[in-house]
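In case you want the letters, here they are:
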Amino acid sequence: MKKGYRNWGPPLLLIAPTIIVIGIFVYGLIGANVAVSMSNRHSLVPGTEFVGLDNYFALFAEERFIHSLQNLGVFTVFFIGGTMLFGFLWAWMLDKGVTAEGVFRSVFLFPMAISFVASGVVWRWLLNSAEGDRASGLNRIFEIMGLDFLQNAWWSEPGWGMAAIALPAIWQLAGYVMALFLSGFRGIPMELREAARMDGATEWKLYRYVIFPQLSPVALSALIIVGHMSLKVFDLIMAITKSIYQTEVPATYLWVALTANDYAKSATIATILLLFVAVLIVPYLVYTARSERKQR
């Protein structure tokens with residue numbers, strides 16, 4: 001017993017402060033948030049009654065919350081699709097070999113160094129919805145180039161406004177996805193490619209049967225990372241449109257409820273967002289853990 005303690009005791013003491021801090025400020029606060037979401041605290045007055053899942057049922061029956069989920073769905077589809085597409089294409093072009101590759105890598109990765117708030121201020125001007133003589137931003141550029149038919153209301157457009165909000169997010173995160181795919185491309189041995197070509201594989205078959213399967217773990221990681229970021233989008237939308245119904249997502253609706261002192265509703269939205277992220281992340285962690293066991 002004493003010998004066993006000497007083996008696991010010191011490591012446990014070393015990580016004990018971290019475990020305590022995480023337990024209190026992460027899992028403890030998550031538990032407190034869930035507790036508030038199941039109370040009747042809809043004002044500054046502390047909750048006095050346990051209401052169970054009533055707040056959740058009421059939220060999903062609310063048209064405004066359903067609208068925010070629809071906006072989030074549109075944003076997520078365009079954001080994930082755009083970042084994955086451009087990230088892969090840029091990585092593929094760099095892997096093919098270009099002059100001044102380091103310059104291109106820096107250009108693609110530079111947007112990552114800018115905060116969503118800073119880029120949101122610039123994109124607020126670029127996505128100005130004014131058209132014709134009052135046009136500015138991209139609409140003004142289209143007018144100068146004689147492409148007036150491309151002018152549109154951007155984020156003010158009903159239905160597809162969230163697709164415009166996804167443009168700055170794609171611009172900012174596509175370089176990160178590019179770096180992931182490029183590392184995946186560079187991790188494929190040249191001998192493997194040469195062997196496939198010697199066996200008579202065409203360029204398409206080389207990518208389909210050799211390169212794409214090797215890139216699938218990278219693609220999955222990129223998809224999970226970008227996907228969970230899209231579910232939590234807040235600062236970009238607040239910087240571009242502020243908290244308005246037209247571009248409202250659950251995270252901004254949470255802010256509206258919190259500033260209105262509706263703590264139970266804001267805690268309920270926060271818990272739902274946590275569950276959305278968990279549904280995305282937990283299966284990936286399980287898959288990764290199983291893959292590591294198989295490799296041992």
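Rules behind the numbers
Residues numbered from 1 in each chain as written. Predicted model: local features only at pLDDT ≥ 70, side-chain atom pairs only at ≥ 80, totals over all residues. Heavy atoms only, no water. UniProt positions renumbered as here; feature names shortened; annotations may be inferred. Helix = DSSP H or I, 4+ residues; strand = E, 2+ residues; numbered from the N terminus. Buried < 20%, exposed > 50% of the residue type's maximum accessible area, 1.4 Å probe, protein only. Polar contact = N/O pair within 3.5 Å; in protein donor to acceptor, adjacent residues only side chain to side chain. Contact = heavy atoms within 4.5 Å. 1 Å grid on protein atoms, 1.4 Å probe; cavity = no way out; pocket = protein on both sides within 12 Å on 5 of 7 lines; lining within 4 Å. Points joined across faces, edges and corners; volume = space filled by probe spheres on them. Nonpolar A, V, L, I, M, F, W, Y, C, P; charged D, E, K, R; others polar. Patch = residues over 30% accessible without salt bridge, like charges linked within 9 Å, V, L, I, M, F, W, Y side chains within 5 Å. Areas by Shrake-Rupley, 256 points an atom, 1.4 Å probe, with all protein chains shown as cover. Salt bridge = Lys/Arg side-chain N within 4 Å of Asp/Glu carboxyl O. Core = buried A, V, L, I, M, F, W, Y, C linked by side-chain atoms within 4.5 Å. Phe/Tyr/Trp six-rings, centres within 6.5 Å; stacked < 30°, edge-to-face > 60°. Lys NZ or Arg CZ within 6 Å of the ring centre and 35° of its normal.

- As annotated in an unreviewed UniProt entry, the protein carries the name Sugar ABC transporter permease and is attributed to Rhodoglobus aureus.
- The record held by UniProt for the protein lists under Subcellular location (unreviewed entry) the comment "Cell membrane".

**Comments concerning the side chain of Asn 55**
Phase 1: The topology assignment puts Asn 55 in helix 2 (residues 54-60).
Phase 2: The buried category is assigned to Asn 55, whose relative accessible area is 12%.
Phase 3: Here the side chain of Asn 55 touches Ser 39 through a polar contact of 2.9 Å, landing on its backbone oxygen.
Phase 4: Look past the residues within four positions of Asn 55 in its chain and what remains in contact with it is Ser 37, Met 38, Ser 39, His 42, Ala 264 and Thr 268.

**Digging into the UniProt feature "transmembrane region" (unreviewed entry) in the protein**
Phase 1: When the UniProt feature table is mapped onto this chain numbering, "transmembrane region" (unreviewed entry) sits at residues 12-36, 72-94, 106-126, 160-185, 206-226 and 267-287.
Phase 2: The distance from the first to the last C-alpha atom of residues 72-94 is 32 Å, and the span holds 100% helix and 0% strand.
Phase 3: Secondary structure content for residues 206-226 is 100% helix and 0% strand, while the C-alpha to C-alpha distance between its ends is 27 Å.

**Quick word on the layout of surface pockets**
Phase 1: A volume near 190 Å³ is recorded for the largest pocket.
Phase 2: Considered as a void within the structure, the second largest pocket measures approximately 150 Å³ in volume.
Phase 3: The element contributing the most residues to the lining of the second largest pocket is helix 12 (residues 263-295), with six residues.
Phase 4: Across the lining of the second largest pocket, the residue classes break down as four nonpolar, four polar and one charged.

**Description of the environment of Pro 111**
Phase 1: Tracing the backbone through its elements, the reader meets Pro 111 in the loop between helix 4 (101-109) and helix 5 (116-126).
Phase 2: Since its relative accessible area comes to 3%, Pro 111 is described here as buried.

**Observations concerning a nonpolar patch on the surface**
Phase 1: Together, Ile 20, Val 21, Ile 22, Ile 24, Phe 25, Val 26, Tyr 27 and Leu 29 give the surface a local cluster of nonpolar side chains, amounting to about 800 Å² of exposed area.
Phase 2: With respect to the helices and strands, Ile 20 occurs in helix 1 (residues 2-37).
Phase 3: Looking at Ile 20, the relative accessible area reads 51%, which means it is exposed.

**Some words on the nonpolar core**
Phase 1: Ranked by size, the top nonpolar core spans 56 residues in total, and within it Phe 75 and Phe 79 carry the most contacts.
Phase 2: For this core, the leading source of residues is helix 7 (residues 161-186), giving 14 residues.
Phase 3: The residues contacting Phe 75, other than those within four sequence positions of it, are Met 162, Ile 165, Ala 166, Ala 169, Ser 230 and Val 233.

**A short note on the side chain of Thr 271**
Phase 1: Relative to the helices and strands, Thr 271 resides in helix 12.
Phase 2: When near neighbours in sequence (up to four residues on either side) are disregarded, Thr 271 contacts Asn 33, Val 34, Ser 37 and Tyr 56.

**Focus on the packing of aromatic side chains**
Phase 1: What the rule picks out here adds up to 14 aromatic pairs.
Phase 2: Consider the rings of Phe 86 and Trp 90, whose centres lie 6.0 Å apart with planes at 45°: the pair is tilted. Of the two residues, Phe 86 and Trp 90 are both situated in helix 3 (residues 63-96); the distance of four residues between them amounts to about one turn of the helix.
Phase 3: Here the basic side chain of Arg 41 rests over the ring of Tyr 263, its NZ or CZ set 4.7 Å away from the ring centre.

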